[in-house]
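# Overview (structure and organization)
Spelled out, the chains give:
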Amino acid sequence: MFSFITILGDFPSELALLTQLRVLRLRSVYHNRLRDFPLWISQLSALESLDLGTNSLQGTLPDFTSSSLQVLQLDGNRKLSGTIPPLGEMQLLNTLKVI
């Protein structure tokens, strides 16, 4: 487990190699300022919990419909736009924070 790592700008592409990653928490409490969603983040098939709250994310959400996500936290990202993927198709999702 890594704690208190600061990431500014883009997601590190090396995270895409962590195919068995189950929890990814990059909430800006740790001073992150992530911007754009990478396409590969929805392809982390083992990911169960994704917390990207209070960053500087902008743009459209990736399609997580075929993922294992149970928790999706995006609250505090005021520049998100575009269409919302069909959340009803995310069968395992039980926690969603977007405000």
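Above: the structure in question.
Reference entry: report on the structure contained in this document. Since the model is a prediction, treat every value here as computed from it, not as a measurement. (Residues numbered from 1 in each chain as written. Predicted model: local features only at pLDDT ≥ 70, side-chain atom pairs only at ≥ 80, totals over all residues. Heavy atoms only, no water.)

## Side note on the sheet that holds strand S2 (residues 23-25)
Overall, parallel pairing links the 4 strands, which are arranged S2-S4-S6-S8 in an open sheet. Each having just a single partner strand, S2 and strand S8 (95-97) make up the two edges of the open sheet. Sheet twist, expressed as the average angle between the axes of neighbouring strands with direction ignored, equals 5°. Note: strand S4 (residues 49-51) against strand S6 (residues 71-73), 3 bridges, orientation parallel. Along S6, the bridge assignment pairs Asp51 with Gln73. (Pairing = 2+ DSSP bridges. Helix = DSSP H or I, 4+ residues; strand = E, 2+ residues; numbered from the N terminus. Axes fitted to C-alpha atoms, helices over the stretch in contact; angles between N-to-C directions.)

## Focus: the pattern of salt bridges
One pass over the structure, following the stated rule, counts 4 salt bridges. With its nearest N and O atoms 3.0 Å apart, the salt bridge here joins Arg27 to Asp51. Placement of the pair is Arg27 in the loop between S2 and strand S3 (33-34) and Asp51 in strand S4, with a sequence separation of 24 residues. Across the pair, Asp51 and Arg27 agree in class, each one buried. (Salt bridge = Lys/Arg side-chain N within 4 Å of Asp/Glu carboxyl O. Buried < 20%, exposed > 50% of the residue type's maximum accessible area, 1.4 Å probe, protein only.)

## Observations concerning a nonpolar patch on the surface
A contiguous nonpolar surface patch, about 330 Å² in accessible area, is contributed by Leu96, Val98 and Ile99. If you trace the backbone, Ile99 turns up in the segment after S8. (Patch = residues over 30% accessible without salt bridge, like charges linked within 9 Å, V, L, I, M, F, W, Y side chains within 5 Å. Areas by Shrake-Rupley, 256 points an atom, 1.4 Å probe, with all protein chains shown as cover.)

## Some thoughts on unusual backbone geometry
Phi at Thr54 takes a positive value of approximately 45°, unusual for a residue other than glycine. Counting through the fold element by element, Thr54 comes out in the loop between S4 and strand S5 (58-59).

## What about the nonpolar core?
One finds Phe11, Leu24, Ile41, Leu50 and Leu52 to be the most contacted residues of the largest nonpolar core, which totals 21 residues. Setting aside residues up to four positions removed in sequence, Phe11 forms contacts with Leu26, Leu34, Asp36, Phe37, Pro38, Trp40, Ile41, Leu52 and Leu57. (Core = buried A, V, L, I, M, F, W, Y, C linked by side-chain atoms within 4.5 Å. Contact = heavy atoms within 4.5 Å.)

## Notes on the environment of Gly59
Positionally, Gly59 belongs in strand S5. C-alpha separation for the pair Gly59 and Asp36, spaced 23 residues apart in sequence, amounts to 6.5 Å. If we skip the residues at most four places from it in the chain, Gly59 touches Lys79, Leu80 and Ser81.

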